[in-house]
Every structure is written in C-alpha cells, then in structure tokens.
Amino acid sequence: ILNVVLHTVIFGLVYYRHTSKFRETVKEETQRHKAPNKTMGPVKVDVPSPEKFLQKHSKEPKLADNRKGDDCIDFTEKPLKKLCGDQKKPRLPLRTDHPVMGIQTKKNFIKTNAVETIMSVPKKPQPNYVDTRRGDKQLLDTSGLVPKFTNKKDYGQTPEYLIKRNEEVQRAQEEYDAYIKERIRQGSMKQLSDEERDAVLQGLKKNWGELHHQYQGISVVTDTTPKKYRKERLETEMKQLEKDIDMIERHKTIYIANK
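Residues numbered from 1 in each chain as written. Predicted model: local features only at pLDDT ≥ 70, side-chain atom pairs only at ≥ 80, totals over all residues. Heavy atoms only, no water.

Chemist: Account for the overall build of the chain, with residues named and values stated.
Modeler: Within the chain, the secondary structure is distributed over five helices and eight strands. Of the regular secondary structure in the chain, the N- to C-terminal order runs β-β-α-β-β-α-β-β-α-β-α-α-β. When burial is assessed residue by residue, the chain has 7% of its 259 residues classed as buried. For the chain, long-range pairs separated by at least 24 residues make up 36% of all intrachain contacts whose partners lie at least 6 apart in sequence. For the chain, the accessible surface area stands at approximately 25600 Å², while carbon and sulfur atoms represent 55% of it. (Helix = DSSP H or I, 4+ residues; strand = E, 2+ residues; numbered from the N terminus. Buried < 20%, exposed > 50% of the residue type's maximum accessible area, 1.4 Å probe, protein only. Contact = heavy atoms within 4.5 Å. Areas by Shrake-Rupley, 256 points an atom, 1.4 Å probe, with all protein chains shown as cover.)

Chemist: Hey, could you go over helix 3 (residues 160-186) for me, with residue numbers and the actual values?
Modeler: If you check helix 3, its first and last C-alpha atoms are 39 Å apart, about what 27 residues at 1.5 Å a residue would give, namely 39 Å. Remark: Gly187 follows helix 3 within two positions and exhibits a positive phi of approximately 85°. (Expected span 1.5 Å × (residues − 1).)

Chemist: So what about the confidence of the model for the chain? Which residues, and what values?
Modeler: A residue-level look at the chain finds 84% of positions with pLDDT of 70 or above and a mean pLDDT of 82. Across the chain, the element-wise mean pLDDT spans from 44 in strand 1 (residues 8-10) up to 94 in helix 2 (residues 109-119). In this model residues 1-12 is a low-confidence stretch, pLDDT under 50, and it forms 17 contacts with partners more than four residues away in sequence or in other chains. Scored below 50 in pLDDT, residues 75-81 shows six contacts in the model against residues more than four places distant or in partner chains. (pLDDT = per-residue confidence, 0-100.)

Chemist: Describe the side chain of Arg197, and please don't skip the residues or the numbers.
Modeler: In this structure, Arg197 sits in helix 4 (residues 194-216). If near-sequence neighbours (up to four positions away) are discounted, Arg197 is found in contact with Ile248, Glu249, His251, Lys252 and Ile254.

Chemist: Now, about the pattern of salt bridges: what can you tell me, with residues and values included?
Modeler: When charged atoms on two side chains of opposite charge get close, those side chains can pair. This structure, assessed with the given rule, holds eight salt bridges. We note a salt bridge from Arg197 to Asp198, for which the minimum N-O separation is 3.8 Å. Since its relative accessible area comes to 10%, Arg197 is described here as buried. Judged by relative accessible area, which is 39%, Asp198 ranks as partly exposed. Notably, a salt bridge pairs Arg233 with Glu237, separated by 3.4 Å at the nearest N-O pair. A residue pair is termed a helical-turn pair when its members lie 3 or 4 positions apart in one helix, as Arg233 and Glu237 do in helix 5 (residues 225-250) at four residues. (Salt bridge = Lys/Arg side-chain N within 4 Å of Asp/Glu carboxyl O.)

Chemist: Hey, could you go over the packing of helix 4 against helix 5 for me, with residue numbers and the actual values?
Modeler: As a packed pair, helix 4 and helix 5 sit with axes 10 Å apart at the nearest point and diverge in direction by 155°. By the angle class used here, helix 4 and helix 5 are roughly antiparallel. Of the two possible hands of crossing, helix 4 and helix 5 adopt the one that is left-handed. Two secondary-structure elements touch here, helix 4 through Arg197, Val200, Leu201, Leu204, Lys205, Asn207, Trp208, Leu211, His212, Gln214 and Tyr215 and helix 5 through Arg230, Lys231, Leu234, Glu235, Glu237, Met238, Leu241, Glu242, Asp244, Ile245, Ile248 and Glu249. Of the residues contributing to the contact of helix 4 with helix 5, the split by class is 11 nonpolar, three polar and nine charged. (Axes fitted to C-alpha atoms, helices over the stretch in contact; angles between N-to-C directions. Parallel < 35°, antiparallel > 145°, perpendicular 65-115°, else oblique. Left-handed = near helix turned anticlockwise from the far one by under 90°. Nonpolar A, V, L, I, M, F, W, Y, C, P; charged D, E, K, R; others polar.)

Chemist: Now, about the side chain of Ser188: what can you tell me, with residues and values included?
Modeler: Within the secondary structure, Ser188 sits in the loop between helix 3 and strand 7 (189-191). Of note is the side chain of Ser188, whose polar atom sits 2.7 Å from the side chain of Arg183. Aside from chain neighbours lying at most four places away, what touches Ser188 is Arg183, Ile256, Ala257 and Asn258. (Polar contact = N/O pair within 3.5 Å; in protein donor to acceptor, adjacent residues only side chain to side chain.)

Chemist: Summarise unusual backbone geometry; cite the residues concerned and give the values.
Modeler: In this structure, His57 takes a positive phi of about 60° despite not being glycine. Mapped onto the elements of the fold, His57 is located in the loop between helix 1 (23-32) and strand 3 (72-73).

The structure is reproduced here in structure tokens:
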C-alpha cells in the first residue's frame, strides 16, 4: 500500500519511493516524549529588576538570631551567663559605682589553719625501689617484690569455682552411672569383661598385622588401576583398624547394646 508515489524520470526510467503509513504516528510519539527546555534551557529568561542589585556580603552565611523567642544563647565565658528571649547582658559598671565594702568575718584563719594542721594525719610516702644507678624510682606495690598474695586469708586454698566445677562433674558422673546401671538391669546393654576386651583387642591387632603383611607385598610401582585400588583399600582398612585399637586402649570400660 503506497500513500505517496513520486515519479522521477531519470534516463527514461521511473523509480517509486516507499513512504510508511506509520510516519505521522512516529512523529507524534517522538514529539510527545520530548522534554521541553532540557538541553538549551527556556527560550526567554526573565531579566532581574535593577532595584534588586547584588549587595556586598549578601551571599555570605548569616548566623541565626536566637535572642528572640524561646531560644537561648549560652555564653560559656564566666562574666556572661545564659540569656533567653529578650533578656540583655548585664550592664557594665559605671565609673562612679563602688564595690560593697565593710563586710568582715569573725573567723580566725590563723587559729583555724593551725588546728587543721595539728589534727591532720601526715601522708605516708609511697614505697619505691631504685633499679638504676641514676636513681630511677619505681612503685614497689606493682613490682611483684611485695608478698601480697601469700598474706591473703585464702592463700593455698582451692578456689570456689573449681569446687563448683568438680561438684558438677561428679554429679554428672553419678547420673551417667545410674543410667548405665538401669540400662544393664533392663537388659538393653551389657559390659565387656576384661577377658573379652583383651580378646577383641588382640583380634584387631592380628587383623592389622595381616593387612600390613599384604600391604608390604604390593609392588612399589602402581602402574595399573587394580594395583592402585588394592593399595587404597588396604590403607583404608588399616586406618580404620588403628582407630578401633586406639579407642579400645583408651577406654577401660566398654558397653555393647543388645539388639
């Protein structure tokens, strides 16, 4: 479908130029999504009034005036105090103003100082020790030379936290022993005797010796897959037997659950 057909005759030939029917729609959508004044700004800018000219120090930050309203100004210096609202600073004294004079006290400072000095306890000098020939002093209390801990009342006694811990361990052991006795009485488990334990231990060591003999008979070069698998299998079985032997040797009492 052709909306516009242009005929151009060049060298006796006729060419037809195609024009899409969506051309106007594309133009409208393009104009609709354009942001006005996005790149170059507005077309016309209002000129500032001559009466509002830039003054000196007009762009410098100004401090807020807190003397009005409920806000307060806190003057940290001693002659000045905290001013709130419309309060003003205290006025300066005039030249004709005179300080209040004639106030006297009946306190006898000489006698008072003498009594305080007589009744005061003299300070004890700190015990020091000299560790260099130049006379450098160090505190004796923090040096470790004073036997402080040996003079304590509880010196040489077991600390309370260790006593509590031992009691907790003993209580847990008693509960465990009671549980084991109850399970043995019910017949759900049994304890291995010393003869049975030794027999099991000897059997494990014998099996380990046989596997070790087979392991020593393997060729040094494992160039085939079966040799490699056999070596890995023997090493795994020997490690497992070593773990079992170590566990039985470390535990004197062994219980076995009855199925």
